[in-house]
Amino acid sequence: MDDHNDKCRRCGNCCRGMIWMKSYSYDDAFSLVKKPASEIDVEIALAKKYISYLNSLGLPVEKIKKFEWNNKRKQIIVHAKVGQCAHLLFVNDKAVCRNYENRPKQCRNYLCKKIRKDILEERTRVSESGQDLTAEASN
Ligand code: SF4
Ligand code: SF4
């Protein structure tokens, strides 16, 4: 759930079953294992770290989907599929965040497809009505 309260249907879909991602620098990732014998050792250590981070936010991890190694940027992106957030509550079938004031920045910044579509339509309407006014003014 995000700050566009007027547009949010409060379905709660963004608080369960989502893919969360986080990138770690090679330095951070390799510092987790003393003598990594292979990339898998690093991935296991990273998975543990990311799971513990997500759990601390209230998100149970169902599956680590993939690791994206980027040699150019020297970073690894971990993708995790999460279950339902522990802070999600439904009141009269409407989603409520019990941690709203302290919710993580990822939740604050998140814009679901529906909201992005609404914003785009609203902007298009505003820009179209602006054009109409210009057209009227020049007549
Ligand atoms: S932000 Fe979108 S997905 Fe999340 S509760 Fe609102 S409408 Fe549903
Ligand atoms: S902290 Fe709140 S907004 Fe973020 S996933 Fe959990 S219930 Fe949703």
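Please refer to the structure placed before this passage.
Colleague: For this particular structure, what's the right way to read unusual backbone geometry?
Modeller: If a residue is not glycine, its phi is most likely negative; likewise, a peptide bond is most likely trans. Here N92, not a glycine, exhibits a phi torsion of approximately 50 degrees, which is positive. Positive phi outside glycine occurs at D93, with the angle close to 65 degrees. Within the element layout of this structure, D93 appears in the loop between β4 (88–91) and β5 (94–97).

Colleague: Would you mind showing me how to read the nonpolar core here?
Modeller: Nonpolar side chains tend to gather and get buried jointly when the protein is soluble and globular. Judged by nonpolar contacts, the single largest core of 13 residues is most densely connected at Y24, A29, L46, Y50, I76, V78 and A80. The set of elements that each furnish at least two residues to this core consists of α2 (39–57) and β3 (75–82). Broken down by element, this core gets its largest block of residues, four residues, from β3.

Colleague: What exactly am I supposed to notice about the sheet that holds strand β2 (residues 61–70) here?
Modeller: Hydrogen bonding along the main chain pairs the strands of a sheet, whether they run parallel or antiparallel. The sheet built from three strands is open, its strands ordered β1-β3-β2 with antiparallel pairing. Each edge of the open sheet is held by one strand with a lone partner, namely β1 (19–25) and β2. The sheet shows a mean angle of 20 degrees between the axes of neighbouring strands, direction not considered. Here β2 pairs with β3 via eight bridges, running antiparallel. Looking at β3, one finds that K66 is bridged to H79. On top of the sheet, α2 reaches β1, β2 and β3; it is set at about 50 degrees to β3, its chief contact.

About the cut-offs
Residues numbered from 1 in each chain as written. Chains lettered and ligands numbered in written order. Predicted model: local features only at pLDDT ≥ 70, side-chain atom pairs only at ≥ 80, totals over all residues. Helix = DSSP H or I, 4+ residues; strand = E, 2+ residues; numbered from the N terminus. Core = buried A, V, L, I, M, F, W, Y, C linked by C-beta atoms within 7 Å. Buried ≥ 20, exposed ≤ 12 C-beta atoms within 10 Å, placed from the backbone. Pairing = 2+ DSSP bridges. Axes fitted to C-alpha atoms, helices over the stretch in contact; angles between N-to-C directions. Contact = placed C-beta atoms within 7 Å.

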